[in-house]
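# Architecture at a glance
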Amino acid sequence: AEQIAERTGGTLAQIQRAEDYADLQQEAEEEILQGVRPEITVSVDNVEEYDTIFVGYSIWWDEAPAMIATFLESYDFSGKTIIPFNVHNGSRFSRTIQTIQELEPDATVVEDGFTVSEQTVADAAEDVAAWLEGLGY
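Residues numbered from 1 in each chain as written. Predicted model: local features only at pLDDT ≥ 70, side-chain atom pairs only at ≥ 80, totals over all residues. Heavy atoms only, no water.

It is worth spelling out helix α5 (residues 125–134) at this point. For α5, every residue scored as buried is listed here: V128, A129, W131 and L132. An end-on view of α5 places all buried positions within 165° of arc, on one side of the element. Along α5, the residues that are exposed and aim more than 90 degrees away from the buried face are E126, E133 and G134. Buried residues along α5 sit in contact with α1 (2–8), β1 (52–58), β2 (81–88) and β4 (114–117). Positive backbone phi, approximately 100°, marks G136, located one or two places after α5. (Buried < 20%, exposed > 50% of the residue type's maximum accessible area, 1.4 Å probe, protein only. Helix = DSSP H or I, 4+ residues; strand = E, 2+ residues; numbered from the N terminus. Arc of directions from axis to C-beta. Contact = heavy atoms within 4.5 Å.)

Going through the model one piece at a time under the given rule, you end up with eight aromatic pairs. Ring geometry for F54 against W131: centres 6.0 Å apart, planes inclined by 85°, an arrangement best described as edge-to-face. Linking F54 in strand β1 with W131 in helix α5, this pair joins segments that are 77 residues apart in sequence. Residue classification places W131 among the buried positions, given a relative accessible area of 10%. Taking the centre distance of 5.5 Å and the plane angle of 40° together, the rings of F114 and W131 count as tilted. Remark: W131 occurs in helix α5 and F114 occurs in strand β4; sequence separation between them is 17 residues. Of the two residues examined, F114 and W131, each falls in the buried class. Note that R17 overlies the ring of Y21, its terminal NZ or CZ placed 3.9 Å from the centroid. (Phe/Tyr/Trp six-rings, centres within 6.5 Å; stacked < 30°, edge-to-face > 60°. Lys NZ or Arg CZ within 6 Å of the ring centre and 35° of its normal.)

Moving on to the side chain of E31. The residue E31 is located in helix α2 (residues 24–34) in this model. Look past the residues within four positions of E31 in its chain and what remains in contact with it is R17, Y21, V36, P38 and A66.

Within this structure, the stated rule accounts for six salt bridges. Its salt-bridge partner being R17, residue E27 comes within 3.7 Å of it at the nearest N-O pair. Of the two residues, E27 is situated in helix α2 and R17 in the loop between α1 and α2; the sequence distance between them amounts to 10 residues. Overall, the relative accessible area of 15% leaves R17 in the buried class. Residues R37 and E73 are paired through a salt bridge, measuring 2.9 Å at the closest nitrogen-oxygen approach. Here R37 is found in the loop between α2 and β1, whereas its partner E73 is found in helix α3 (residues 66–74), with 36 residues between them in sequence. In this structure R37 comes out as partly exposed when scored by relative accessible area, which is 36%. By relative accessible area, which is 44% here, E73 ends up partly exposed. If you follow the salt bridges from partner to partner, you end up with R17, E27 and E31 in one network. (Salt bridge = Lys/Arg side-chain N within 4 Å of Asp/Glu carboxyl O.)

The next subject is unusual backbone geometry. Phi is mostly negative for residues that are not glycine, and the peptide bonds are mostly trans. A positive phi is found at W61, a non-glycine position, where the angle reads about 50°. Inspection of the secondary structure puts W61 in the loop between β1 and α3. In the Ramachandran plot, D62 falls in the positive-phi region, its phi being about 65° despite a non-glycine side chain. On the secondary structure map, D62 appears in the loop between β1 and α3.

So this is what it looks like as structure tokens:
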């Protein structure tokens, strides 16, 4: 996220759940399976000023964490471009691209986002740079 912000001149906004998980494994899985939208701490006052939104997340139970859905549903991204990137343990994007498209049907969701495994994330800087360059950044 930091490399993307630096290279694109973007602003970072960290999406966090307002309340800490007492049991991350159990509560996070339940949120995803039950479609819960937990309260988040981030607020972007000037989202209308952005044409492109990079959204980063880890893969939990073949989905983005529920707090990502809360973020996406909190704003109108109609006419904007959403570019996903993530860290995974082997599932790549799983079905998260489709989920983002379902949550933001009037946005353009870039299907060629950046995905990296947790095992190689530390060595991904050159890959991120090449990906961004391919996107025109």
